[in-house]
Structures are given as C-alpha cells and as structure tokens.
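Single-letter residue listing:
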There are 2 protein chains.
Amino acid sequence: MANGFASISNGVPDEESITAPFLRLRRSTSNTTSQIAIVGSNPCPVESLDYDYLAAFLIFAAANLGLTLFACLITTLIAPEAAGSGIPEVKAYLNGVDAPAIFSFRTLIVGSIAAVSSSLNVGKAGPMVHTGACIAALACQGGSDKYKLTWRWFRFFNNDRDRRDLVTCGSAAGIAAAFRAPVGVALEEPENSMWRSALLWRAFFSTAIVAILLRGLTDLCLSGKCGLFGTGGLIMYDVTSVNISYHLKDVPPVLLLGVIGGIAGSVYNCLLGKVLRLYNLINEKGTAYKILLACLVSIVTSCLLFGLPWFATCQPCPVDASEPCPTIGRSGNYKKFQCSPDHYNELASLFFNTNDDAIKNLFSKGTDTEFHPTSVLIFFITCFFLSIFSYGIVAPVGLFIPVIVTGASYGRLVGLLIGSNSNLNHGLFAVLGAASLLGGSMRMTVSLCVILLELTNNLLLLPLIMLVLLVSKTVADAFNGNIYDQIMSLKGFPYLETHAEPYMRQLTVSDVVSGPLRVFNGIELVANIVHVLRTTGHNGFPVVNEPPHSEAPILYGLILRSHLITLLKKKAFLLTPTPTDADAIKHFSASDFAKQGLGTAEEIEDIELTEDEMEMYIDLHHFTNASPYTVVETMSLAKALTLFRGVGLRHLLVVPKTSERLPVVGILTRHDFMPEHILGLHPMLAKSKWKRLRFKFPLWNKIF
Amino acid sequence: MANGFASISNGVPDEESITAPFLRLRRSTSNTTSQIAIVGSNPCPVESLDYDYLAAFLIFAAANLGLTLFACLITTLIAPEAAGSGIPEVKAYLNGVDAPAIFSFRTLIVGSIAAVSSSLNVGKAGPMVHTGACIAALACQGGSDKYKLTWRWFRFFNNDRDRRDLVTCGSAAGIAAAFRAPVGVALEEPENSMWRSALLWRAFFSTAIVAILLRGLTDLCLSGKCGLFGTGGLIMYDVTSVNISYHLKDVPPVLLLGVIGGIAGSVYNCLLGKVLRLYNLINEKGTAYKILLACLVSIVTSCLLFGLPWFATCQPCPVDASEPCPTIGRSGNYKKFQCSPDHYNELASLFFNTNDDAIKNLFSKGTDTEFHPTSVLIFFITCFFLSIFSYGIVAPVGLFIPVIVTGASYGRLVGLLIGSNSNLNHGLFAVLGAASLLGGSMRMTVSLCVILLELTNNLLLLPLIMLVLLVSKTVADAFNGNIYDQIMSLKGFPYLETHAEPYMRQLTVSDVVSGPLRVFNGIELVANIVHVLRTTGHNGFPVVNEPPHSEAPILYGLILRSHLITLLKKKAFLLTPTPTDADAIKHFSASDFAKQGLGTAEEIEDIELTEDEMEMYIDLHHFTNASPYTVVETMSLAKALTLFRGVGLRHLLVVPKTSERLPVVGILTRHDFMPEHILGLHPMLAKSKWKRLRFKFPLWNKIF
C-alpha cells in the first residue's frame, strides 16, 4: 500500500503515451478495461493522482459505467434484439426459426456500435456473427425499406432460401473476421437444416474474401496507424515459437485437464442458465431495472478488477525479461500497479489488460515463473463468475473470448500445480485449458479445433487439442446440453434437434396433430378467407378441391398466408365460382409474392373490402403450392421429424390412411415437434424409459 | 554421357547404405522409383556397374515392372474391386450406392498390400481411404464370415445406418492417416446423404485417435527405426521456415495461377475420363490384356524416368549448399546421375525421388536457382501425362499425390517465368500451384484448404491459398464436373447429385415411374411371394391390405426382399389367411433381420419349398415397415429428389392423387432419378433450356 499507485502517474509520459489513449478510445475494437483506466486518468495533471487510489478508482469505475450505460441504453431503447451473443439467434434462424426483427437494420447498427463499447468481461465474436448475419439478411431484402436504403438489384434474393444461404455466409464471414480464422467456421453448420454442399462452397467464398481483405488491411495497418487493429497480424495468439515436444507421460495430465474442463464447462452452462433465468425475471420488470442491473454488474466488475490486484504480493522483475518491467501506460505484462520500482503485480498484469493480451500472456511460453498459483486461481474464479454474470445484461456481448480467458487461466493453474511433473510448458497448458473449457461449454469439435489452430498457429499441438476436446465434450455431454441450445430454449426459440427424442418413436403423427384444421376450397369465397385469416394465426392452409369441381374431395396443395393476403390486396376476385385459366397469374409480378421485409409485411387488418367483394370468389389454384410434402397419419413421429428437418420444411401436411374422410387431417409445424408440446399432450412419456441418458442432480435443481 | 552413371556406384558404401535399402523394401509406404533403383543395384558388385547404363536401366525397369506386376496380379486375380482410387467407391457408398464387394475382406487385404508396392506415378491417399472404409465395413459386419474372422460383439452394428456411419469414420481416418492431416477431412462430407451432426463428432473422434496414434508412433520412430515412416513428423511438407510477405502487387500472378490451374485441372479431368474409357475397352478383353497394359505403363514410366534426365545439362553444385551435393544412395535433391563430380542433374533430383521428396524439393524456399524452366517444364508435362496414364491400370492407385506433384511443378514453372516481378519465392508458387491444380481437379474447397494447411503448416499463406482455390474451382466448374464424379459415372455407380437438374422441375414423379409394380397382400400366398421374388430383382415391395381384411384397399407399408427371404427360410407359414397376433414376431431374433454380410446373403434360389408349403400363407404385417415415406403422383420430381436425398432413402412409394385406384402406383428408387433414365424417357428434355450452363467443345469431343 505504501509504495503507491505509481503505475499511472510515475515518470514523465512520452508523446506516444499521451496520444495513444485517445486513438484507442476512438478506434479500439477490444472490450478493454485497462485502457479505459488509462484514458480516464492520463489527461489529468500527472502528479496530482500520485497515491490517490480513490480518485483513480472512481475515474476507472466511472469510465466503465459510462460505456456500459451507453451500450445498454442504445440496446434497450433502439434494438433490444441486439442483446446477447447473437449466435443463438443465427443458429435458430438457420434451423428454421424466423423470429421477427432479429436481423433488422436497427439490430445491425446497435449491435456493431454497442458491442465494441461495453467494458465488461465479454467477447466480441458473438456480436460480430450477428452483425454479419444482419448485413446478409438486409442485403437480400434489398436494403431497409423503412430507412429508404434500397438496392433494387438485390431483390432477386428476396426469398427464404436465398436469405438463409446469405445469412449462413454472413455469419461465417462474421466469425472469420472476429477470430481472423477464415476456415473451419462453417463446418459445424450441418445444424443448418437447409445445408447443401453448394452452401459450403459459398460460405468458403465469403470467408476467403474476409481472409483476403483482412490480410490486405493488416498490411496497410502494419505501421500501427489503425489502433489495435494491425497488431497481431492474422494469427491472434501466435505460439509458433514454442517448441513442442511431448511424450506418453504427458498424456495423463492432458486427460485430467479434459475431464476437469468438461465438468467446469457443464457447470458454466448450468450456472449461466440459472443466472439468465434470474436476469430475465429482473429485465421483465421494465427498462429501469434493465439499466440498473447493467450498472450493478459494471460497478461490481470495476470493484473486482481494481480491488483484487491488492491481494497479490509484488514480485521482483525478472532480470532477463525481454519486455520492459514494470510497465505503465500500455497493454502487456509486468504491470506495476501499486508496487515499488523493479517490482510488478502479477494480478494487475492479467486484470488491467485487454482480454486479448491476457490470453497472449497466459499462452506465452517464457512466463512459467511470472505467475503464482494463487494469483491465477483468483483470476480464474473471477473470470468464471464475471463472464457468467456479465452475459445476461441487455447489450451485445459474446461468450467466446471470456471462455477462452477463463479456460486459459484454468489451464495455466493446472500447469502450475503439476509443475515439473510434465514436460509441457505452462503456455501449452493454458492453450489446452482454453480448448477444454470451450469443448465443455460450446461442445463444438472440428470448428473449435480449426479455430484454435488458426488462433495459435501451432499444428504440432493438434493431437493434444483433439484429445482434450474429445474428453471434455464427452464428459460435459453427460451432464447437460451445449450453451447455445440452453440460451435458445430460454429465449423461447423452437429449435428443432437434428435427431428425434427416443420417445418419438413410440408416437404417430396423429398423436400430436392438434387444433381445428382450416381448409380452403380450390375456389373459395372471399368472406371465408378473410374470416379464417382474421381468426387464426396460421401461416399455411391446405387447399382441397371439392365437388362439383372434382368427383371426390382431393387435396390440391398448400397456400401461404402471405400469398392469400397478396391476393386479397390485389382484389383478383371472381363473380362466380368458375375456374380461371393460367392467364390469371399474369396480373401479378414475382415481386408481389416475394418475401416481405420486416415491417413492410401487410396484415389482414390493413385490407379494406366492401360487402360486395366479400361475396365474390378467388381461384386459389394458380397460387397454391401443388407439391406439398405429405405424411400418412400413421407415420412414426420420429420419421416425420427426419423428413421435416431433412428437407427443411415449415409445414407438413398429414393425410388420412383411409379415403372416406377429408383428404387432409392436419398440418404439422415446427411447434408440433417440440418436446414441450409432445410431453404436454402425452405426460406419461416424460417418465418413460425412452429418453436420453444424462446425470441428474435433483438436489441441485431444488436449491436454485 | 562420358562422365558416367556414377551416382549408383561411386564411392564405398558405408554400412547404412547397404542395410537401408532392404529395410526400405520391406517397410516403405511410399511409391518410390529411386529407391527401387537403389535396391536393385546396390547388392551387385560395386565397381562392375560403373558407366554401364544399359544394365542399370534394365535393373531399374525390371524392378519397377516386377512390383507393378505383383500389384496388378493380386488385384486382378483376388480383388478387382480394389483397383483405382477407392475414393469414388466410398463416395458412392456414402451417397447410398451399395455396390457388392467394394468393402470386402479381400479388397482390404489387396488394397493395403498392393497400394504400397506399385512403382508408378500414383498416390496412396485413395487406397488408404478405401482401406479405412473396408476396415470399418468389416468391423460392423462383425468380421468376415467367409474367412472365419468374427467378433460377436460387433454384430450390433450390423445394419445399414451404423455401417454407413462407420464407413464415414473409417474413410476419414484413412485420409487423416495418409496426409497426417487429422482435421478438415470429414468436412466436405455433406455429400454423404445421411449426414448428421452426430456423425461429424464421430468422424472427429476417429481422426483424433489417428492423430494421437500417429503422434505416438512418430515419437517412437524418431530415431529412424521405422524406415521412411518417422521422417517428416506430423507435417509432411513443412514450409514454416519461409517468411511470407506479400502485397497487393502479388495478387495478379496468384490470380493467373488460379485461372491456368483451373483450366489445367479441367483438362486433366477430361483427359483422365477419355483414357479411362479407352482402358475400360482394353480391360474388358480379359485378364491378360489388363496385365499387359499395366506392364506397358510400367515400362514407359521406366523409360521416361531414366531417359528424360539425360536432356538436362549438368549444373555445378552451389557453393553454399546446406545439403551434400551431389548425392547418391539417398533421397533428396542434388542427384548426381551422369554428371561429373561437383555437378548435379536437376531433372534427376525430381525424377529419381519419392513423390514426397519431389514435393518437398519443389515447395522449399532456398532453391530458387536450383531448377531451370525447361527442366521444370519437362517434369510438369511428364507428371501430367504419366499420372493420367498410370491411374487406369488394375491396381489400387491414388490421385492426390500425383496431382500435388504436377501442380507444384506447374506452380514452380510459373514462379520461374514471373521471376523477379513478384516478391513471392518459388516455393510458395509451387504450393499455390498445387492448390490450383487440386482445386481445378478435385473441386473441394474447405477440406483442401485445411489439408494444405496441415501439409505445409503455414497459416500466413492461407489467404492466398483460399484465393487460388476460389479462382481455380470457379474456372474449372465452367467446363466439367469433378474428377471423382467422372470416375463414378464411368464405373456406373448411380450417384445422386445433391441438387436436382433444372429440367426435373418440369416433371412430376408419375412421369418417371416405370415398370410393372409388384404388390403384396397383407396376408400373402407363399407361391405368389416366391414367384415374384424369382421373376424380379426388386428390393422393396409395397404391402397393401385388401378386402376382406379391410374395407377398401389400403397401403400398409413396404417390405424388403431380404426380410421376405428370411420369412421364407424360417417357414413361418399359416394354413389359412387369418391375421396373427404380435406373438408371431417372437419366433425371430433381431439378427435374423440384420444386414447380411457379403457372400452370406441368402438367395431365393437357395430356398426349397414343398408343394404344400407353397399353398400356405404368410402374415406380412409384423415384418413390414409401416411408416414408409410417400409422395403423391403429382409431386414435382425435383421436390421428390430433395426428399429422397435429404432423408437418405432407398425406396420412395408413389401414391395416387385420387382414391379410386390401387393405393400405390409405383416405387421410386435411385435409378429413377438418374439423368440417363429420365432423359431416356423424355428425350426432348435433353435439348431444353433447362440445364446447367457449361462450355461445350463439340469438335474436341468429336476427335476423341
């Protein structure tokens, strides 16, 4: 305490340390806390802050709070959909969930601004993915109608399929940009229910463009003109210099790392779920509560970051340090904080740093003696809980980087504890620790592997990274699902799993078809259509040809709500119920039936019809999808789900087994396949033996 | 000429050079020509061969011929299915084509032995993939019944789905082992029509095990105890040491490289197709012709390899060479061949080398002055044509390594021609050239990118590699399809494309349903079943409940030929056509209906039935798949194909639109979706505008 808070004020600042912070404030894309402290303090008279910890802390906390408030406010007030990681939204959309506004222009603007200005222990990868997806979605809408930013040419992509493809490519480009990791991104994408091999090629195209652009821009920025952008080059945490030699005896520690990482990852997911549930309760109470919560998190973060380094004892600087020691006014290791000259505070080196630099510190090899187990333990625990509590606030925040930081500190800790019993140096333990926690939390395999490879540029480490990922994913899968699935289910997105739940094999589709079925005649009365559209929210309706237009009732096809609204709007009505010829379709252009952008879609309430018009008819035949996919009512539900996911459907018609009845008995939508819906209809299945094996902790769930 | 063939005989061989060749003959896994020359000549009296080029050539050619003959003979006589790359077989199988014997035990044995002993310009990656797939297929059959190698426990995997999954993992493991490239293998696998995300995880598991094992084994072999296995470590063509700096002005040469690579790749594919067609004509004439063809290819190869280096002038050894120069008796560069002391023959350095070492030479950076454009041009042309003419012989041969060698020499040539106009060194040009030819020929993107990354271990090169792959694939796609698709269509595998041909949108399923439909009653007369099974080759039959067992004819489900044969074999017959209860199924065990291994499947001809038995009945209900996928006859063919591929079907039932007729009007199988079948039924579609855009060269096709 006596040796003072010299790191901020000692010494005469040279020109670079005065100008640099401003540059950083404007251009930095990292969620940094240390920089903000510098920014807040440097402009003050240099000597006055000597030993004035309280003022330093207040400025630090105020800067943090201000930025968090800014991020939170614009998110809450302008685009609440931009909150969170964005990856669950993209994943759900690619799975087939078209939630409103998740890819709007507002979301894009807020996401890209706010993601880079909040100052908590959060990442930027998620918001980058979301931003990429937003740009793609807007491009295929042909810009934003609402804000008069339109490009006619792009309207050709204005349909569901191209939109989905473009969002895939956009999100791949986003993650490629976030990690500077151009390959291995779109790989875990078969989650996407419309995956086609052509899409892989297109996603590759996007990420290749990202890679080439990134390479070009870093080339331009080599001289340091672009803030923190140019530093690090294409490989963010280069560990090439580490000579890797490991042998059989190094395998058990690595296995241990994987097992603990898997358990830690599943605990992380579980805690995050509980915290999000709690935050949801708070956030529901209103905007003020949301803001208050964010402020609280910001203040607690500031307190922890500023307070915890005091617990670390000052370390003497190593004699042969390659970097200046101690340092002030720049990011890097050997932070001075309160220590006397020639000493550094190891915890400050970790806390008062960008996340990226903290990861670099932890990954680097020459630092085996720089950190002590207690410091790393404190850092690990702080990161673990801070990242969990920071995620739920109403701002665009990512999970990837916090998990890497936490995992790296955990790996470093294990490395320190194992000490000389292993040949591996502590930097490698940190890399493997990051891999294990990522594996345990995100549960991706190939893409994580490739991303880690691209982040660290050390191919020789690959077998160990694969081993750790294998073990940690296996262990964590025994406890709960992956983190994005949990967030999606909390957000209420009806995400369809790739494989059917075991109890679905015990059911037929007729067991889950519910609700009254609304059917249209091939030539239908306008009043009927209006009535059905007003009283139901269904998006698809079967069209049936009934006598006298056919001998017996025959299923003709499926018509979409949006197409019916277009027909009503254009008033293409008939006075008598007589079939029209194919010329009827000439009154319409393709763009009439194109997918409507957000906010521009017509509602049935907007359409005014006279009494006379209500008594007229519409020939639906030319506007109906005459090749809908169908299943027989006795079809196994699991097989119907395979069809639904495999082909990427929104509506699946159920036809009767026998021909006496109406030729269609129901429509299956995504919601009918949700476990909640099915278990609600058949509660006894919840207790059946037909479910996935997983460890349960009833006591744990009772407490929280 | 006067300075003699000293490279083989000069100097007294030390102990290593005497023992090493034998070691190599037994253990080498590379398809080498230089080694064989050494093996053949070294045991001879050292001085007698001085300047005796004829004897040297004869020994060289004889050794090559002997090994080729060996590979050819065992392939032809024991397992003709092992011939070729094996990748088309695996790709077709994963697409759903279950060709007989492609994964038999014989194929495995022959594939793994013969692939490593043939001595032509061929690769080993393809056979390795095939070997991996064979092991997987055999494992899930529970071993080979025929050779009495059975493991009971594995029988649980004895079904189509697990077999397909295991084959995916096996082939991934095979390619991972061939390239020591554990990730990025299973990535282009969405070709597999049964792709599920769980499969990605399993494939990753397999390749991780391969990576860990490889790492362990190279560790054990570091001291050189394992022949050529240990050399090179995990990264086969390490170019890490190359400092990469490239700027905007290097992009045009790279684009040029991509364009030419794309054209060369499509020409390569086209020529390979023509040569294979020619070889097929020759091979059909009998075993003797096959062997003769292989011998001819081997002799021509020997002549070229031995003859072409004479055209190169001898170069003086560089003063600052890091390696000994000139060298004899080992693989590497600076081969002496006929040159005088202190000189080397640059073409011999490329030709008298393993493919791997030739690639290493071409990729390495310090060799910008080592090769001259004419030599590299000669090498490029020779490789290009030799690899095309070597592929078609009846032995397990791969395409990957030859294409890399050819591409590397082409890239090097471009580098030499561009010379000082680019900052890139010639080694990098070679890497990019290999990428461009691979992209132009194989048309893979992400997996090639990751494999090249893993082979060369230089992440900084990634943006350029991606650029080259983009350009070359785009250019090549304008001319023809990828090489494996061409080989598959030559082999007659009904490979289903992921996306429908445009003209399929103009057809309904009823337009392509063909052939008389065979339908069984729910309770069917044994004689009927036997008759139908004997007179048709269909593998699936609809089962229809007809009066009096139901009020109207109702489609009950689909029964497989193999299950009918099991029922006939077990003689579970009824005296009268009365429905049985569910107990009927208790007479059977699950293994009765398991997928039969190759050669153990029962044929209908093997079943003996008495006259009385023929008059009895079988209740098929309990053995029928009661949830078959169905489409209505008016369904668009393109949509039916989406369903067929998306869900991974073998049979798709077509049901009528109206209910007056039989409740099933046909069965669609894979063959009904083949363009040849459809265009045969509707020849006018071939000329329609509804087809893929591609450049055509009618004159070219007329000449060949």
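Please read these numbers as outputs of a predicted model, since none were measured by experiment. (Residues numbered from 1 in each chain as written. Chains lettered and ligands numbered in written order. Predicted model: local features only at pLDDT ≥ 70, side-chain atom pairs only at ≥ 80, totals over all residues. Heavy atoms only, no water.)

Taken together, the contact between chain A and chain B spans 65 residues of the former and 65 residues of the latter. Roughly 5700 Å² of surface becomes buried between chain A and chain B when both sides are summed, with 73% attributable to carbon and sulfur atoms. Looking at the side of chain A facing chain B, the largest losses of area belong to Trp201, Phe204 and Met466 of chain A, adding up to 11% of the total buried there. At the boundary of chain A with chain B, the tally comes to zero salt bridges. Applying the counting rule to chain A against chain B returns 10 residue pairs in polar contact (both at pLDDT 80 or more). (Contact = heavy atoms within 4.5 Å. Buried area = accessible area lost by both parts, 1.4 Å probe. Salt bridge = Lys/Arg side-chain N within 4 Å of Asp/Glu carboxyl O. Polar contact = N/O pair within 3.5 Å; in protein donor to acceptor, adjacent residues only side chain to side chain.)

So, about the sheet that holds strand 5 (residues 520–521) of chain B. Pairing between the strands of a sheet is mediated by backbone hydrogen bonds and can be parallel or antiparallel. Residue and element names in this part refer to chain B. The strand order across the open sheet built from three strands is 5-7-8, with neighbouring strands paired in mixed fashion. Lying at the two open borders of the sheet, with one neighbouring strand each, are strand 5 and strand 8 (554–560). Two elements, strand 5 and strand 7 (residues 540–545), share two bridges in a ladder whose sense is parallel. Directly across from Phe520, in strand 7, lies its bridge partner Val543. (Pairing = 2+ DSSP bridges. Helix = DSSP H or I, 4+ residues; strand = E, 2+ residues; numbered from the N terminus.)

Residues and elements named next belong to chain A. Here chain A is described as being made up of domain 1 (21–495), domain 2 (497–513 + 633–704) and domain 3 (516–625). Contact residues are listed per partner, giving nine residues for domain 2 and 13 residues for domain 3. Looking only at domain 2, the three residues that lose the most surface to domain 3 are His651, Leu653 and Pro663, adding up to 52% of its buried area. Between the two partners, domain 2 and domain 3, sit one residue pair in polar contact (both at pLDDT 80 or more). Contributions of two or more residues to the side of domain 2 that touches domain 3 are made by strand 11 (652–655) and strand 12 (666–668). (Domains from an automatic or database assignment.)

What follows concerns the relation of the copies chain A and chain B. For these two chains of identical sequence, chain A goes onto chain B by a turn of 180° and a shift of 0.0 Å along the axis, with RMSD 0.1 Å. Look at the turn and shift together and you get a two-fold axis relating the two. In terms of proximity to the rotation axis, the leading residue of chain A is Gly646 of chain A, whose C-alpha is 2.5 Å off the axis. The overlap is high: 100% of the interface residues of chain A also sit at the interface in chain B, so the same surface is used on both sides. (Least-squares fit on C-alpha atoms with pLDDT ≥ 70 in both.)

This brings us to the pattern of salt bridges. All names here are of chain A. For the structure on display, the rule yields 12 salt bridges over all chains. A salt bridge links Asp165 to Arg202, with the nearest nitrogen and oxygen atoms 3.3 Å apart. Here the residue Asp165 occupies a position in helix 8 (residues 160–179), and Arg202 occupies one in helix 9 (residues 197–220), the gap between them amounting to 37 residues. The class for Arg202 is partly exposed, based on a relative accessible area of 37%. (Buried < 20%, exposed > 50% of the residue type's maximum accessible area, 1.4 Å probe, protein only.)

The next thing to look at is the pairing of strand 7 (residues 540–545) of chain A. Residue and element names in this part refer to chain A. Among the six residues of strand 7, six are classified as buried, and the element is accordingly described as predominantly covered. Across the two faces of strand 7 the burial is the same, with Gly540, Pro542 and Val544 and Phe541, Val543 and Asn545 all buried. Sheet topology places strand 7 next to strand 8 (residues 554–560); six bridges connect them, and they run antiparallel. When the sheet's bridge partners are listed, Val544 is paired in strand 8 with Leu555.

Moving on: unusual backbone geometry. In the Ramachandran plot, Arg443 of chain A falls in the positive-phi region, its phi being about 65° despite a non-glycine side chain. With respect to the helices, strands and loops of the structure, Arg443 of chain A is situated in the loop between helix 16 (426–442) and helix 17 (446–456).

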